[in-house]
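Chain and residue survey
Each chain, written out:
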Amino acid sequence: MRFVLATGLIFVSASALAAGGGAPVVDLPTLDIFSTTPLSGTGVDVTKVPAAVTKVDSKEIQRAGFPTPAKALSLNTPSIDMQTISGNDLQPDVFFRGFDASPVPGTPEGVAVYQNGVRINEAFGDTVNWDLIPSVAIKSMDVISNNPAFGLNALGGAISMTMKDGFNFHGTTLDIMGGSFGRAQSSLQWGKQVGPWSAYIAIEGIHDSGYRQYGASDIRRVYGDIGYKAERGEFHLQAGGASNVFGAAATSPYQLLQQGWGNIYTSPQASGNQVGYVNATANVHVTPTWSVQADAHVRSFYQSTQDGNPTSTQACDPAQGGAAGFLCFNSPSAPANGLNGLQLANTFAPGATLGEIDYTHTQTTSVGATLQATNTDKLLGHSNHLVLGASYDYGVTNFGASAQLGTIQPNYVVAGSGIFLGPSGDPVSDGPVSLRATNAYLGVYAQDAFDVTDKLTVSAGGRYNVANIDLQDQIGSSLNGGGYYARFNPMIGGTYKITHDVTAYAGYSEANRAPTPLELGCADPVHPCILASFLISDPTLKQVVAHTVEAGLRGSHTLGPDSRLNWQLGVYRTDLTNDILNIPDPVQQGFGYFQNVGATRRQGVEAHVDYRYDRFTISANYAYIDATFLNGLSLGSNSPYADANGNVQVSPGNQIPGIPHHRIKLLANYDLTPKLTIGGDVTVVSSQYFGGDYSNQFQQLPAYWVADLNASYQLTKNVQLYAMAENVFDNRYYTYGTFFDTGAVPNYGAGGGAFTDPRSLAPARPQAIYVGMRATF
């Protein structure tokens, strides 16, 4: 990890070398410049950034050995936590200061994520599919807070990834690894520079059989870059793609997990992600003090899902007004219709447990461009760094959904019947959906860093965001709608060098996010949707606005010829107005809606320290996060403590579910010999409230800790052997919890009786051991 510190120096800790050992270094050195906008190629000295910033480099990603960059971010950034809300740890959620960057549709997103200056939050739901990012091709990741220049969704902050190219990566690296749960992964990367030209390509393939039933996953990714350097400019053409499939993407009832750690509840649970993209970037020095940065991109994303669920379809009850021999929906008398609009006959065996398989497909094509100018002329005789820029992104999404009825078998697999539901019931419908959504996002921004003295730098700026969203129903007209949102978000801050080794920083900023097309299509508590499959026309949601203030100290101290201490300590508070949450419907299992819930707050403390002495390095990160509601309100909930109307009463100060108070991360590495390195890390996460427990009445999800070990041995100059052990002590813990309807499906594993425990949990990966070989040429 490279932690940005007071003196402007960046050090690579020994933990970053645990998987690299004495292998030849193929990443060439980088300057200590931190970009304060999404476009790279220009920036300011990190000592002049009025916020907490962290840089995670390619060695840390390599050491983590994880198929996505999420684990490296989690281990090396105090306020970042990786959770597996999806139930598959290859599709993780990344929380930063209590804000989520999630692949799960329907999750309120609060972190903007960029790859080479291109925003990769998907257009339809602002989701972040970490599996699509080519991990081996990442050169570095910057974690940024308190900066509106990163546009929509940067409520908590932004993560900006810079990819490798042939100018900073030379040679060939082949990496092969395998181990527990059928894991087999390999990567090949090659880079070369010939005169002013460069080329780079990375290919990755990963298979994991999974530690849960039907949990096999396959990841295939490719990334390439062609670059050209002229006397006054640098130009790159980048292209990439991925085709991934995943299984077992949901929580499971606690009682099922006690019968078997890998048990799942209602299958199939499968999804597939595909992406292809082309980016063009330029950085041109027009004069010695003026430069222009630009990018243009096109991106195509496709996602399909299959999700077995309980259903609201049931046999009609003539005693309650239903038609004998037919199916009803959501009540014993409301007709369940087929695609032809006629009520469905009940062809299922008496006593069968009915279910449904929900299908979705999302096809998005997006284009965009950013143009930026940077000036470094002195102002009033003082150093000054001015950035002016504008960006435009446009996306078109075609979304479709359907539901096939079936029966739930004793193994919890929903066996399809070939019968598909049409619009049914009142008020809830599982009818087919075909929606066309367009997003048009415009942003204009400016930032300036002015050196008042050699020690004091003041930064100020802002960004004006415009979001125009349009929904067009392709079957009828009930889904037609949209929204227009605009806002100017300011920022101001400063840094002061107390001594040569210690810097103080403080800043204030605002940010906003517009509701997504998915949220706008499902925002009525009277007409909830299967999240995120079946949408209906809903009232317009308000945009979310964040107000952040933070301050801190950071330092770097040389204690001897081979000894250095780095540290950082900060506090922050982010207040949100019109926050949006995903509210579960209290009556219909699996249904829900999005709602503005008034004001909320995330505040906390962040601390980092690392110490290096000769061949030994130790690093520690701590984060305290207090996420609370600021208003009293009534919210729909599937909590066991919900009242007769399915609501819980939220009081000011109640904790927002799913966000632990404390996170502690310890890393240590030791070079036993010039060829042999050993290391390990420990993560401790405190308890958290279950999803849906807004009133904080239910018991909390227990705290947990997990330890990993790693070692590497440099067999020859070009060949390295390495090993990793995850969850060394095989702790059985859960990373997320929510509630489910205990009466929807029998507990077949306990004789077919009813479930009695409402908890549904995401189990963590058990102990796993992996070995690999890395060859460089």
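This one's a predicted model, so the numbers in the text were calculated from it and none came from an experiment. Within every chain, residues take consecutive numbers counted from 1 along the sequence as written. Note on the predicted model: pLDDT of at least 70 is required for a residue's local features to be given, and 80 or more for side-chain atom pairs to be given and counted; whole-chain, interface and lining totals, by contrast, use all residues. Where side-chain values are given, they derive from all heavy atoms of the structure, hydrogens and water being excluded.

It is worth spelling out the overall build of the protein at this point. Runs of E in the DSSP output that reach at least two residues are strands. Runs of H or I that reach at least four are helices, and both are numbered from the N terminus. Of regular secondary structure, the protein possesses four helices and 44 strands. The C-alpha atoms of the protein give 26 Å as radius of gyration, which agrees with the globular expectation for 777 residues (28 Å, within 12%). Principal-axis analysis of the C-alpha atoms gives the protein an extent of 85 × 55 × 50 Å. Throughout, exposure labels follow a simple rule: accessible area from a 1.4 Å probe, protein chains only, divided by the maximum for the residue type, with under 20% read as buried, over 50% as exposed, and the rest as partly exposed. Across the 777 residues of the protein, 60% fall into the buried class. Any two residues whose heavy atoms approach within 4.5 Å at even a single point are treated as in contact. Contacts in the protein between residues far apart in sequence, at least 24 positions, make up 68% of those at least 6 positions apart. Per-residue accessibility takes into account occlusion by the displayed protein chains alone, with areas from the Shrake-Rupley method and a 1.4 Å probe. Carbon and sulfur atoms provide 60% of the accessible area of the protein, an area that totals close to 27,200 Å². Mean positive and mean negative side-chain charge positions of the protein (41 and 59 charges, respectively) differ by 10 Å. Computation of the radius of gyration draws on C-alpha atoms, with the globule rule given as 2.2 Å multiplied by the number of residues to the power 0.38. Neither His nor the chain ends is counted toward charge; the positive residues are Lys and Arg and the negative residues Asp and Glu. Note on charges: their place is set at NZ of Lys, CZ of Arg, CG of Asp or CD of Glu.

The rule for a salt bridge is simple: a side-chain nitrogen of Lys or Arg has to be within 4 Å of a carboxyl oxygen of Asp or Glu. Within the structure shown, the criterion is met by 21 salt bridges. Linking Asp81 and Arg663 is a salt bridge whose minimum nitrogen-to-oxygen distance equals 3.3 Å. One end of the pair, Asp81, is in strand β5 (residues 80–83); the other, Arg663, is in strand β38 (residues 662–671), with 582 residues separating them in the sequence. With respect to burial, Asp81 and Arg663 carry one shared label: buried. A salt bridge links Arg97 to Glu550; the shortest N-O distance between them is 3.2 Å. In this pair, Arg97 is assigned in the loop between β6 (93–96) and β7 (99–101) and Glu550 in strand β30 (residues 544–560), connecting sequence segments 453 residues apart. Summarising the burial analysis for this pair, Arg97 and Glu550 share the class buried.

The nonpolar core is taken to be a set of buried Ala, Val, Leu, Ile, Met, Phe, Trp, Tyr and Cys residues, with the residues joined through side-chain atoms within 4.5 Å. In this structure, Leu73, Val113, Trp130, Met141 and Met161 are the most contacted members of the largest nonpolar core, which totals 58 residues. If you look at the next biggest cluster of nonpolar residues, it comprises 15 residues, including Leu581, Ile656, Ile659 and Tyr694.

Next up on the list: the sheet that holds strand β17 (residues 252–253). Pairing between strands requires that DSSP locate at least two bridges from one strand to the other. One open sheet holds the three strands; their spatial order is β17-β43-β42, and the pairing between them is antiparallel. Because the sheet does not close on itself, it has two edges, and the strands there are β17 and β42 (734–739). Two strands pair when backbone bridges link them, and β42 and strand β43 (residues 759–763) are joined in this way by five bridges, in the antiparallel orientation. Its bridge partner lying in β43, Gly737 is registered against Leu761.

This brings us to the pairing of β30. Along any regular strand the residues' side chains alternate between the sheet's two faces. Across twelve bridges, the pairing between strand β28 (residues 502–513) and β30 is antiparallel. Across the sheet, Ala506 pairs through a bridge with Ala551, a residue of β30. Across 15 bridges, the pairing between β30 and strand β31 (residues 563–577) is antiparallel. Opposite Ala546, over in β31, you have Leu576 as the bridge partner.

What follows is about the packing of aromatic side chains. Two aromatic rings, drawn from Phe, Tyr or Trp (for Trp, its six-membered ring), form a pair once their centres lie within 6.5 Å of each other, and the interplanar angle then sorts them: stacked below 30 degrees, edge-to-face above 60, tilted otherwise. Across all of its chains, the model carries 20 aromatic pairs by this definition. Ring centres of Tyr200 and Tyr223 lie 6.4 Å apart, and the angle between their planes is 55 degrees; on these two criteria the pair is classed as tilted. Here Tyr223 lies in strand β15 (residues 217–229) and Tyr200 lies in strand β14 (residues 197–208), a separation of 23 residues in the sequence. Given a relative accessible area of 3%, Tyr200 falls into the buried group. Here the aromatic rings of Trp261 and Tyr734 are separated by 5.2 Å at their centres, their planes lie at 35 degrees, and the arrangement is tilted. Taken together, the positions of Trp261 in the loop between α3 (254–259) and β18 (269–285) and Tyr734 in strand β42 put the pair 473 residues apart, joining distant regions of the chain. As far as burial versus exposure is concerned, Trp261 and Tyr734 are alike and both buried. Taken together, the ring pairs connect Tyr265, Tyr412, Phe740, Tyr748 and Phe755 into an aromatic cluster.

With that settled, the discussion passes to the state of the cysteines. We call a pair of cysteine sulfur atoms a disulfide whenever their separation is within 2.5 Å. Evaluation of the coordinates by the stated rule reveals one disulfide. The disulfide partner of Cys316 is Cys328, and the S-S distance across this bridge is 2.0 Å. Residues Cys316 and Cys328 are joined by a disulfide whose S-S torsion is about 105 degrees; by sign, that bridge is right-handed. Of the two residues, Cys316 is situated in the loop between β20 (313–315) and β21 (327–329) and Cys328 in strand β21; the sequence distance between them amounts to twelve residues. Accessibility classification places Cys316 together with Cys328 in one group, the buried group.

Turning our attention to the environment of Thr289. Position of Thr289 relative to the elements: it lies in the loop between β18 and β19 (290–310). Beyond its immediate sequence surroundings of up to four residues, Thr289 is in contact with Thr374, Asn375, Thr376 and Asp377.

Strand order across the open sheet formed by three strands is β5-β6-β7, with antiparallel pairing between neighbours. Edge positions in the sheet fall to β5 and β7, since each of these pairs with one other strand and no more. In this sheet, adjacent strand axes meet at a mean angle of 30 degrees when their direction is disregarded. As judged from the four bridges shared by β5 and β6, these two strands associate in the antiparallel manner. Within β6, the residue paired with Gln83 across the bridge is Asp93. Lines fitted to C-alpha atoms define the axes here, with helix axes fitted over just the stretch in contact, and angles between the N-to-C directions of these axes take values from 0 to 180 degrees.

The next thing to look at is the confidence of the model for the protein. Per-residue confidence from the predictor is reported as pLDDT, which spans 0 to 100. In this model, the protein carries a mean pLDDT of 89, and residues with pLDDT of at least 70 account for 91%. Considering only residues more than four positions removed or in separate chains, one finds that residues 1–31, a stretch of pLDDT under 50, has 118 contacts.

Turning our attention to unusual backbone geometry. Here the bond from Ser267 into Pro268 is cis, since omega is 10 degrees, no more than 30 degrees from zero. With respect to the helices, strands and loops of the structure, Pro268 is situated in the loop between α3 and β18.

Our next topic: the environment of Lys139. You can see Lys139 is positioned in strand β10 (residues 138–144). Given the relative accessible area of 14%, Lys139 is considered buried. When the C-alpha positions of Lys139 and Val56 are compared, they lie 8.8 Å apart, and in sequence the two are 83 residues distant.

Our next topic: the side chain of Asn146. Within the secondary structure, Asn146 is located in the loop between β10 and β11 (157–163). Engagement of the side chain of Asn146 in a polar contact is seen with the backbone oxygen of Pro50, the distance being 3.5 Å. Side-chain polar atoms of Asn146 contact the side chain of Ser509, separated by 2.4 Å. Each residue touching Asn146, except ones within four places of it in the same chain, is listed here: Pro50, Ala51, Met491, Gly507, Tyr508, Ser509, Thr548 and Glu550. For this analysis, a polar contact is any N or O atom pair within 3.5 Å, provided that within protein one partner can donate a hydrogen and the other can accept it, and provided that sequence-adjacent residues contribute only side-chain to side-chain pairs.

Time to look at the environment of Asn384. Mapped onto the elements of the fold, Asn384 is located in strand β23 (residues 384–408). Excluding its chain neighbours within four sequence positions, the residues that come into contact with Asn384 are Asn375, Thr376, Asp377, Leu379, Asp448, Ala449 and Phe450.

Note that Asn465 resides in strand β26 (residues 456–473). Asn465 sits in the buried class, given a relative accessible area of 2%. Within polar-contact distance, the side chain of Asn465 engages the side chain of Asn512 at 2.9 Å. Aside from chain neighbours lying at most four places away, what touches Asn465 is Gly151, Leu152, Leu442, Gly443, Tyr485, Ala486, Arg487, Asn489 and Asn512.

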